[in-house]
Amino acid sequence: MLNTQRSETGSSNNININEGIVLEFTNVQKIFSSGRLETHALKNISLGVKRGIVTGLIGPDGAGKTTLMRLAAGLLVPDSGQIMALGMNVSTDYLAVQASIGYMPQRFGLYEDLSVQENLDLYADLQGLPKNSRPDRYEELMNMTGLAPFTSRLAGRLSGGMKQKLGLACSLLRSPRLLLLDEPTVGVDPLSRRALWDIIQHMIKEEGTSVLISTAYMDEAERCEEVVLLYEGKMLGNGTPNQFKKDLKGKSYTVSVSGMKKREIQEKIAAYPSVIDAVIKGGRIRIVLDVESPPDIEQLLPGAKVISIEPTPPSLEDSFISILPKRQSKNERKKTDKKPARTINRDHFENSGENVIEATEVKRRFGDFYAVKGVTFEVRRGQVFGLLGANGAGKSTTFRMLCGLLPASEGTLRVAGANLRYAPAAARSRIGYMSQKFSLYGNLSVKQNLRFFSSTYGLYGADRTERMEWALDEFDLSQLADSNSMDLPLGYKQRLAMACALMHNPEILFLDEPTSGVDPVARREFWSRINSLAEQGVTIMVTTHFMEEAEYCDRLAIMADGEILALGTPEEIKAGQKTSDNPEPNMEDAFISLILGKENKNS
Amino acid sequence: MRMRGLIRKEFLQILRDPSSIAIAFLMPVVLLLLFGYGVSLDAEHVPVAIVVESPSPDTANFTSGFYGSRYFNPITVFDFNTAEQKLRSRLVDAIIYLRGDFTRKLRSPGGAQIQVIINGADANNGRIISGYVQAIWSKWLENIALAKGEQVNLPVNVEQRVWFNSELRSKNFLVPGLIALIMTLIGALLTALVMAREWERGTMEALMVTPVKMREILLGKILPYFILGMGGMGLTVAMAVLLFDVPIRGSLWVLFITSSLFMFAALGMGLFISSVTKNQFVAGQVAIITTFLPAFILSGFIFDIGSMPWLIQMLTHVIAARYFVSILQTLFLAGDVWSVVIPNCLALILIGAFFLGLTWKRSDKRLG
């Protein structure tokens, strides 16, 4: 009855707004079909987005977040069910809906060959922003986003964080009542992420905007007033972060143990049946149990010296991990069974003190611009070395030089004992490289990709067959062996890319932002693989935007503007940024204070 | 306001993107210079070897006809082997063989024989050379008869007049045809690419969530590229007239209107291709194979449609450039011949309406 009333009154209906619901999905289904294959992107979704707050849409890749956003924006039509936005039916009144919402797609929707100002003008024209109100609105938005000094710069020349802010500014031009942001912070550095959240909070407070934001970052989801958890097209939960965390009360603890390597402890604990999750956080191990009692460390880690066990408030990430079906559990157990046979004593490598990568005063110049201005560091065998920095900090350039893809302008680089200036090919055969975009052949199957990449490294016959079997087994890809890699979910693509980089048993593995845009579950799997590789003596060099991942590294370097700002273990770096205001900085605090410190010095 | 914004954006993008400038202005100039100066379908200064086994006043009389002609670059050799070698190594395109008994037989009742060997690898060229040789030979016969004081009494006389392109300059019909090619390039290829680019870079998604209507997005592409295409045409016409002395016998307004019609047909094809493929690489490939190559090969621009097999001739009817090439060649060389212009215009309108209509229908504001 209520439904028919709504459709009759159409766009003039404001009942929903009065109720405080700005976006409402009722039994929405969306099916994509390509050929005979049907994908149920959304299965019977019903939810409401409340007015004047931030609602977070979280879920792993392929959960249906983008589909939901596009349905809400009227870019897709649901196969069944109804979507009402701002009191209007999105399927029939989509033009009216689009006239009153703001939407930022994943790639920001900017014209890279237009300047900041020209992008603003275009979207102001398209959204029908009156001429006389433009100067004020432009000024306001440019000040809010900090883009005021760059209005004449081409959008393509902006850093990732600045592009994201410009994209946001373009969608905010006409003060939308409902703002839809599709993963706005993927691949953006922490500083820019903070700025984005400040803008969102400002919009809510000053202009009463309602926001729906999809994100893969759990700390961002934590900042939302309401959270919707999607998984494989189904809604697994909907509520405030506290409602999500309620069930986990008394089940999360941090443990500090001496006499063992943190990573080793973490892995041992994670393998225990009643442990849902175990991660390294701030120098301690954070564990989540499925029972409400303090963990029995004697039982978990026989023989370890426990310094302290403290209860800690549960986080949304804990709840996320506990709600999501554990797809990797079988594999993990299998791996732990195998491990003793292959594990090599890590201490052996660390004590041997052999440097596998040595960079001395390395510079790289493009024209008169120095992308890398003299970096020096070394990485020992079996270490996990992290390279952190905002976009444009010189991480990728450093990486390419280390892989022998780009010659250094000055300085010396030694990788696996070979000087890259004289013997790049010798070094290259001993390294594996996984690029940001995964470099897979989309229209080849998983098996064909593996076969191709192993043949590029000169593997043939029985060796290759054996190696391919290893990869399919180790990365749990056997069931998908004949699917095209293009059709794999992101997490699986990432596994396949890593398998391809490992086909020739490299001594050193370079991973360029391997976890960008990947959900927490897939990230955990990924790091457990990295750890087991490191234990086998593979040296791993990784770049990342995720500050918590920095904690998993043995050592790391923080880069900005082509220079290394800090180098050392995660503990050393955090300790270096202690202030009276913040006696116990986390990695993100340390990163931001290093970057800001450098900016202050420059100005 | 929305239209203005879209059109201004498109022009800014055209100005900033060197590749679209290159396709719109550099390509026409290069193509025009290449076809105007480089390619000539005329057979002039054809190298021929004349074999004179025993020189005599008679043979000299005969060969002088070749030396005096601008169609031939003759060289005289004295044995057949040398000539044959020159033909095989492509130094000459034909051999005129006057045997040793040429002078003697000339005055005998049976008459003398001349052997002509032509390199027929290029059939078209071969035929032209053969025609030229015959013309020189009959002229020479006439001269002999006149010298003997006889009146040549042929029952039928051919009075040749070449109309429309009296000098038989191939430039005069190649250059107008080029205009069709250049407009296809701008209209179909460039539009297909820029529309696909919007899909690829995700800007289409952002455009669609603004209150803009799909037909405004389409118009926002059509208008700028229409202007760009007409600019490219203006440039080509100016170069044709000023640089290559191609006459324009028809009226400029008819040229403008017919070009506009063709431009819409080309834009329609370009937009249709990119709305189907949504990917720059594929759109570029498809546009070249379905619009540019047919405009090159099947439009009658270089290869005469009348001499194509029946099936291919039928195929040319779906190619817009065919109608436009025929209009252009008429307008430039013959004038406003309505019986040619009007039916061809109707065909262009039909094709343009078909593709624009199809694109219009396909373009609802949805992603999936």
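The structure displayed is predicted, hence computed values, not measured ones. (Residues numbered from 1 in each chain as written. Chains lettered and ligands numbered in written order. Predicted model: local features only at pLDDT ≥ 70, side-chain atom pairs only at ≥ 80, totals over all residues.)

1. Topic: the overall build of chain A
Logical step 1: In terms of helices and strands, chain A carries 24 helices and 24 strands.
Logical step 2: Put simply, chain A has 603 residues, and 47% of those count as buried.
Logical step 3: Taking all contacts inside chain A whose residues are at least 6 apart in sequence as the whole, residues at least 24 apart take part in 72%. (Helix = DSSP H or I, 4+ residues; strand = E, 2+ residues; numbered from the N terminus. Buried ≥ 20, exposed ≤ 12 C-beta atoms within 10 Å, placed from the backbone. Contact = placed C-beta atoms within 7 Å.)

2. Here we look at the overall build of chain B
Logical step 1: Tallying secondary structure elements over chain B gives 14 helices and four strands in all.
Logical step 2: A globule of 368 residues ought to have a C-alpha radius of gyration of about 21 Å, yet chain B, at 28 Å, is considerably larger.
Logical step 3: Along the longest, intermediate and shortest principal axes, the C-alpha atoms of chain B span 95 × 40 × 40 Å.
Logical step 4: Burial analysis of chain B (368 residues in total) assigns 37% to the buried set.
Logical step 5: A separation threshold of at least 6 residues defines the contact pool for chain B, and within that pool the share at least 24 residues apart is 81%. (Rg over C-alpha atoms; globule rule 2.2 N^0.38 Å.)

3. Overview of unusual backbone geometry
All names here are of chain A.
Logical step 1: Of note, the phi angle at Asn27 is positive, near 45°, even though the residue is not glycine.
Logical step 2: For Asn27, the location among the structural elements is in strand 1 (residues 21-34).
Logical step 3: A positive phi angle, near 45°, is found at Glu361, a position not held by glycine.
Logical step 4: For Glu361, the location among the structural elements is in strand 15 (residues 355-366).

4. Some thoughts on the confidence of the model for chain A
All names here are of chain A.
Logical step 1: Of all residues in chain A, 90% attain a pLDDT of 70 or more, and the chain-wide mean is 81.
Logical step 2: Averaged pLDDT values over the elements of chain A bottom out at 38 in helix 1 (residues 2-9) and peak at 93 in strand 7 (residues 178-182).
Logical step 3: Overall, residues 1-18 carries pLDDT values under 50, and its contacts beyond four positions in sequence, including any with other chains, amount to 20 contacts.
Logical step 4: Under a pLDDT of 50 for its full length, residues 328-351 has, in the predicted model, 19 contacts with residues more than four places off or in other chains. (pLDDT = per-residue confidence, 0-100.)

5. Some remarks on the sheet that holds strand 4 (residues 114-118) of chain B
Residue and element names in this part refer to chain B.
Logical step 1: One open sheet holds the four strands; their spatial order is 2-1-3-4, and the pairing between them is mixed. Edge positions in the open sheet fall to strand 2 (72-77) and strand 4, since each of these has one partner strand only. Along the sheet, successive strands turn relative to each other by an average axial angle of 20°, direction set aside.
Logical step 2: With six bridges connecting them, strand 1 (residues 46-52) and strand 2 associate as parallel partners. (Pairing = 2+ DSSP bridges. Axes fitted to C-alpha atoms, helices over the stretch in contact; angles between N-to-C directions.)

6. A closer look at the environment of Ile14(B)
All names here are of chain B.
Logical step 1: Mapped onto the fold, Ile14 is located in helix 1 (residues 2-16).
Logical step 2: Since 19 C-beta atoms lie within 10 Å of it, Ile14 is described here as partly exposed.
Logical step 3: When the C-alpha atoms of Ile14 and Arg107 are compared, they prove to be 75 Å apart, with 93 residues separating the residues in sequence.
Logical step 4: The contact partners of Ile14, leaving out residues within four places of it in the chain, are Ser20, Ile21, Pro224 and Leu228.

7. Some points on the domain arrangement of chain A
Logical step 1: According to the domain assignment, chain A consists of domain 1 (2-239), domain 2 (245-323) and domain 3 (435-505).
Logical step 2: Summarising the inter-unit geometry, the C-alpha centres of domain 1 of chain A and domain 3 of chain A are found 36 Å apart. (Domains from an automatic or database assignment.)

8. Section: the nonpolar core
Residues and elements named next belong to chain A.
Logical step 1: Counting residues in each nonpolar core, the largest one holds 85 residues, and the members touching the most others are Ala72, Ala85 and Leu180.
Logical step 2: Here Leu180 is in contact with Met69, Ala72, Ala73, Ile101, Tyr103 and Leu212, once residues within four sequence places are set aside.
Logical step 3: Core analysis: the second largest hydrophobic core is formed by 80 residues, Leu420, Met468, Cys500 and Ala550 among them. (Core = buried A, V, L, I, M, F, W, Y, C linked by C-beta atoms within 7 Å.)

9. Concerning helix 5 (residues 116-126) of chain A
Think of an α-helix as 3.6 residues a turn; residues three or four steps apart then line up on the same face.
Logical step 1: Among the 11 residues that make up helix 5 of chain A, 10 are buried, leaving the element largely enclosed by the rest of the structure.
Logical step 2: Three or more residues of helix 5 of chain A are buried, namely Val116(A), Glu118(A), Asn119(A), Leu120(A), Asp121(A), Leu122(A), Tyr123(A), Ala124(A), Asp125(A) and Leu126(A).
Logical step 3: Structurally, helix 5 of chain A contributes buried residues whose contacts are with helix 6 (134-145) and helix 7 (160-171) of chain A together with helix 1 and helix 8 (203-208) of chain B.
Logical step 4: Just downstream of helix 5 of chain A lies Gly128(A), where phi reads positive at about 70°.

10. Quick word on the pairing of strand 24 (residues 563-568) of chain A
Residues and elements named next belong to chain A.
Logical step 1: Bridge count between strand 23 (residues 555-560) and strand 24: five bridges; the pairing is antiparallel. Counted as the bridge partner of Leu556 is Gly568 from strand 24.
Logical step 2: Here strand 23 folds back onto strand 24, and the loop between the two strands holds two residues, one of which, Asp561, carries a positive phi near 50°.

11. A word on the interface of chain B and chain A
Logical step 1: Tallying the contact residues gives 24 residues for chain B and 26 residues for chain A.
Logical step 2: Those elements that place two or more of their residues in the side of chain B that touches chain A are helix 1 and helix 8 of chain B.
Logical step 3: Ranked by residues supplied to the side of chain B that touches chain A, first place goes to helix 1 of chain B with seven residues.

12. Considerations on helix 14 (residues 338-362) of chain B
Residues and elements named next belong to chain B.
Logical step 1: With 25 residues, helix 14 extends 35 Å between its outermost C-alpha atoms, agreeing within 8% with the 36 Å of an ideal straight helix rising 1.5 Å per residue.
Logical step 2: What helix 14 keeps buried is the set Val341, Asn344, Ala347, Leu348, Ile351, Gly352, Phe355 and Thr359.
Logical step 3: Structurally, helix 14 contributes buried residues whose contacts are with helix 9 (214-244), helix 10 (252-277) and helix 13 (320-333). (Expected span 1.5 Å × (residues − 1).)

13. Description of the confidence of the model for chain B
Logical step 1: In the predicted model, chain B carries a mean pLDDT of 85, and the fraction of residues at 70 or more is 96%.
Logical step 2: Across the whole predicted complex the pTM is 0.76, and at the interface the ipTM reaches 0.74.

14. Quick word on the pairing of strand 1 of chain B
Residue and element names in this part refer to chain B.
Logical step 1: With respect to burial, strand 1 is a largely interior element, six of its seven residues being buried.
Logical step 2: Since strand 1 and strand 2 lie parallel, the crossover through helix 3 (residues 57-67) that links them has a hand, and here it is right-handed.
Logical step 3: Where strand 1 meets strand 3 (residues 94-98), five bridges bridge the pair, whose relative direction is parallel. Bridge pairing links Val48 to Ala94 in strand 3. (Right-handed = clockwise from strand over helix to strand, strands pointing away.)

15. Details of the packing of helix 10 of chain B against helix 11 (residues 280-297) of chain B
Residue and element names in this part refer to chain B.
Logical step 1: Contact pair helix 10 / helix 11: the axes reach a minimum separation of 9 Å and the direction vectors enclose 140°. Between helix 10 and helix 11, the interaxial angle falls into the category oblique. Classified by chirality, the crossing of helix 11 by helix 10 is right-handed. In this structure, helix 10 uses Ala266, Met269, Gly270, Ile273, Ser274 and Thr277 to contact helix 11, whose residues at the interface are Val282, Ala283, Val286, Ala287 and Thr291.
Logical step 2: Counted by class, the contact of helix 10 with helix 11 contains seven nonpolar, four polar and no charged residues. (Parallel < 35°, antiparallel > 145°, perpendicular 65-115°, else oblique. Left-handed = near helix turned anticlockwise from the far one by under 90°. Nonpolar A, V, L, I, M, F, W, Y, C, P; charged D, E, K, R; others polar.)

16. Comments concerning the domain arrangement of chain B
Logical step 1: Splitting chain B by domain gives domain 1 (9-39 + 169-362) and domain 2 (46-147).
Logical step 2: Look at where the C-alpha atoms of domain 1 of chain B and domain 2 of chain B centre, and you get two points 47 Å apart.

17. Some thoughts on the sheet that holds strand 15 of chain A
Adjacent strands of a sheet form backbone hydrogen bonds with each other and so pair up, either parallel or antiparallel.
Residues and elements named next belong to chain A.
Logical step 1: Sheet architecture is open: four strands sit in the order 16-15-18-19, paired in antiparallel fashion. Every interior strand has two partners, whereas the edge strands, strand 16 (369-380) and strand 19 (418-419), have only one.
Logical step 2: Pairing between strand 18 (residues 410-415) and strand 19: two bridges, direction antiparallel. Bridged to Val415 within strand 19 is Ala418.

18. Thoughts on the packing of helix 10 of chain B against helix 13 of chain B
All names here are of chain B.
Logical step 1: Following both chains from N to C, one finds helix 10 and helix 13 inclined at 170°, their axes separated by 10 Å at the closest point. Relative to helix 13, helix 10 is oriented roughly antiparallel. Pair helix 10 / helix 13 crosses with left-handed handedness. Every residue of helix 13 that contacts helix 10 at Val254, Leu255, Thr258, Phe262, Ala265 and Ala266 is listed here: Ala320, Phe324, Ile327 and Leu331.
Logical step 2: Of the residues that constitute the contact of helix 10 with helix 13, the class distribution is nine nonpolar, one polar and no charged.

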